[in-house]
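Survey of secondary and tertiary structure
Here's the letter readout for the chains.
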Amino acid sequence: MLYLLSYHGGLKNVQKFARYSRIESYSLRRQRSEKIYVDVTETPSFNQIYDDNSNENKGEYVDKCVWRPIPNIRFGNFSSILKKLSKFRLTSLVVITAMSGYAMAPGPFQLYQFMACSLGTGLVSAAANAINQYHEVPFDSQMSRTKNRLLVRGQLTPLHSVEFAFVSATAGLCLLYFGVNVLTAILGATNLLLYTSIYTPLKRMSILNTWIGSLVGAIPPLIGWTGCSGNLDEGALILAGMLFAWQFPHFNALSWNLRPDYSRAGYRMMAVTNPVLCRRTALRYTIIIALLSASAPFFDVTSSWFVLESFPFNAYFCFLAFKFYRKSNSNTSRALFRYSLLHLPCLMLLLLMNKKRWLTTEKKSSAVDIHAKESHSNSIRNRTVTLHGRCFVIHCFICLV
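Residues numbered from 1 in each chain as written. Predicted model: local features only at pLDDT ≥ 70, side-chain atom pairs only at ≥ 80, totals over all residues. Heavy atoms only, no water.

Examining the overall build of the protein chain
Looking only at helices and strands, the protein chain has 17 helices and zero strands in total. In the protein chain, which comprises 401 residues, the proportion classed as buried is 43%. Sequence-distant contacts, at least 24 apart, represent 73% of the contacts inside the protein chain between residues at least 6 apart. (Helix = DSSP H or I, 4+ residues; strand = E, 2+ residues; numbered from the N terminus. Buried < 20%, exposed > 50% of the residue type's maximum accessible area, 1.4 Å probe, protein only. Contact = heavy atoms within 4.5 Å.)

Quick word on the nonpolar core
Note on soluble globular proteins: their nonpolar side chains tend to be buried together. With 71 residues, the main nonpolar core has Met104, Met242, Phe306, Leu336 and Leu351 as its most contacted residues. Looking at this core, the element that brings in the most residues is helix 11 (residues 234-256), giving eleven residues. (Core = buried A, V, L, I, M, F, W, Y, C linked by side-chain atoms within 4.5 Å.)

Some words on the environment of Val137
Locating Val137 in the fold gives a position in helix 6 (residues 137-140). Here the alpha-carbon distance between Val137 and Pro158, two residues 21 residues apart in the chain, equals 9.2 Å. Those residues in contact with Val137 that sit more than four places away from it in its chain are Leu151 and Val152.

Considering the side chain of Gln113
In this structure, Gln113 sits in helix 5 (residues 111-135). Gln113 has contacts with Tyr102, Gly179, Val180, Gly227 and Cys228, leaving out every residue within four places of it along the chain.

What to know about the confidence of the model for the protein chain
Chain-level statistics for the protein chain give a pLDDT mean of 77 and a share of 70% at 70 or above. A low-confidence stretch, residues 1-66 stays under pLDDT 50, and its non-local contacts, those more than four residues away or across chains, total 46 contacts. Contacts from residues 360-401, a stretch scored under 50 in pLDDT, to residues over four places away or in other chains number 44 contacts. (pLDDT = per-residue confidence, 0-100.)

Here's the deal with the packing of aromatic side chains
In the structure shown here, the tally under the stated rule is 16 aromatic pairs. For the pair Tyr316 and Tyr339, a centre-to-centre distance of 4.9 Å together with 80° between the ring planes defines the contact as edge-to-face. Pair noted here: Tyr316 is in helix 15 (residues 305-326) and Tyr339 is in helix 16 (residues 330-353), with a separation of 23 residues, a long-range link. The class of Tyr316 is partly exposed, set by a relative accessible area of 41%. The class for Tyr339 is buried, based on a relative accessible area of 11%. Here a set of aromatic residues connected by ring pairs shows up, and it is made of Phe139, Phe251, Tyr262 and Tyr267. Lys83 extends its terminal NZ or CZ atom over the ring of Phe88, reaching a point 5.3 Å from the ring centre. Residue placement shows Arg259 over the ring face of Trp256; its charged tip is 4.0 Å from the ring centre. (Phe/Tyr/Trp six-rings, centres within 6.5 Å; stacked < 30°, edge-to-face > 60°. Lys NZ or Arg CZ within 6 Å of the ring centre and 35° of its normal.)

Some remarks on the environment of Tyr177
Relative to the assigned elements, Tyr177 resides in helix 8 (residues 158-179). Put simply, Tyr177 and Gly120 are 57 residues apart on the chain and 9.1 Å apart in space, counted from C-alpha to C-alpha. Ignoring any residue separated from it by four or fewer positions in sequence, one finds Tyr177 in contact with Val182 and Ala185.

Comments concerning the pattern of salt bridges
Counting across every chain of the model gives three salt bridges. Residue Asp140 is joined to Arg149 by a salt bridge in which the shortest nitrogen-to-oxygen separation is 3.1 Å. When its relative accessible area of 2% is taken as the criterion, Asp140 is described as buried. (Salt bridge = Lys/Arg side-chain N within 4 Å of Asp/Glu carboxyl O.)

Section: the packing of helix 5 against helix 8
For the pair helix 5 and helix 8, the least separation of the axes is 8 Å and the interaxial angle reads 155°. The angle between helix 5 and helix 8 places the two elements in the roughly antiparallel class. Relative to helix 8, the crossing made by helix 5 is left-handed. Per-class residue counts for the contact of helix 5 with helix 8 are 20 nonpolar, seven polar and no charged. (Axes fitted to C-alpha atoms, helices over the stretch in contact; angles between N-to-C directions. Parallel < 35°, antiparallel > 145°, perpendicular 65-115°, else oblique. Left-handed = near helix turned anticlockwise from the far one by under 90°. Nonpolar A, V, L, I, M, F, W, Y, C, P; charged D, E, K, R; others polar.)

Points about helix 10 (residues 209-229)
Over its 21 residues, helix 10 runs 31 Å from end to end, which matches the ideal 30 Å to within 8%, given 1.5 Å per residue. The element helix 10 is largely enclosed, with a buried count of 16 among its 21 residues. (Expected span 1.5 Å × (residues − 1).)

Concerning a nonpolar patch on the surface
Side chains of Tyr177, Phe178, Val182, Leu183, Ile186 and Leu232 sit close together on the surface and give an oily, nonpolar patch of about 580 Å² of accessible area. Looking at the nonpolar patch, the elements that each hand over two or more residues are helix 8 and helix 9 (182-202). Looking at where Ile186 falls in the secondary structure, it is placed in helix 9. What makes Ile186 partly exposed here is its relative accessible area of 47%. (Patch = residues over 30% accessible without salt bridge, like charges linked within 9 Å, V, L, I, M, F, W, Y side chains within 5 Å. Areas by Shrake-Rupley, 256 points an atom, 1.4 Å probe, with all protein chains shown as cover.)

Thoughts on helix 4 (residues 88-104)
Here helix 4 is 17 residues long and its end C-alpha atoms lie 24 Å apart, about the 24 Å a rise of 1.5 Å per residue gives. Most of helix 4 sits inside the fold, with 13 of its 17 residues counted as buried.

What about the packing of helix 15 against helix 16?
For the pair helix 15 and helix 16, the least separation of the axes is 9 Å and the interaxial angle reads 165°. Overall, the two elements helix 15 and helix 16 adopt an arrangement that is roughly antiparallel. Here helix 15 runs over helix 16; the crossing is left-handed. Along its contact with helix 15, which presents Phe306, Glu309, Ser310, Pro312, Phe313, Asn314, Tyr316, Phe317, Leu320, Ala321, Lys323 and Phe324, the element helix 16 presents Thr332, Ser333, Ala335, Leu336, Tyr339, Ser340, His343, Cys346, Leu347, Leu350 and Leu351.

Observations concerning unusual backbone geometry
Not every positive phi belongs to a glycine, and Lys87 is a case in point at roughly 55°. Structurally, Lys87 is set in the loop between helix 3 (75-86) and helix 4. On the basis of relative accessibility, which here comes to 16%, the residue Lys87 falls in the buried class. One non-glycine residue, Asp300, lies in positive phi territory at about 60°. Note that Asp300 resides in the loop between helix 14 (275-295) and helix 15.

The structure is reproduced here in structure tokens:
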């Protein structure tokens, strides 16, 4: 009877009953499981099963194997480990936005420069993600979404992640500096420092980390723009503004369903500390995206058709953000987050298809008439090469999406 009471009623009430019945309480306590001894002088194989009659563990009692050694890094899974360490999906999105900036810039298309800009941006982004995982191991272990990362599980040592980040960052910045231009390399280094030295520690200090993270997401199209044209103008700022504003509805909708994880890990996100501001910010910046899209033709970035073609996408984006603002739950936040993943590539494709300045035009002196035909033929040839290059960029963009 006492055993049933201890099972159903709890140990505390049974001990109180035992005190009045003058029964020794130690007989009512659950017995601890027997200790398990495993010989660690020699690492067991991955699927090794210990039994009582094993000759390899003489004089030791082993009930069952309670742990499994994580397999060493092999050449077969090395590529998958690098993908996880660099956050391949996020890095691919960064590269896509940089490619879009290169394609939107008013300059001639050069395949080598385009490949160097894309690859260099990807290497710098991979290094930033590796350093981010290195710093956040204790906090990632407390979140369900990140508890299976490589460094958390011990599949990769912190030294390996730092080495990978150093090699990747050095290669990426050298590629941007020597293969593209100085301004592009400066933007890449700035983005790397913003993400690793400001955004990552600020996540546990202030909700301003969302604005810094959005700035980090807005720099890759500037890298592509400067890689093609060599400078920054109004079109580059409009494109970067769209990427900056897009980060807020995307991340706020994502973080809404992850509030318990962020709170447990100690991250100060808007969804945790100020839910009203989180909903309001998501709606506000979707409206800003629509306004920036409407202003693109006035700065000769796109044709007027872009406003009409992008209006349905932006209007539905604002509608989902308004639903999230009025009634915030898992359904509305998930719908807003999923549509944000579709909205960005569609908006980039519309920008490319409605691009207005396909080639940089320079004023020629009217006195040089002897080279008129040669200049005309060169401009036609450059325009043909540029159009083929833009088609190549659009094809690569669609394949990556």
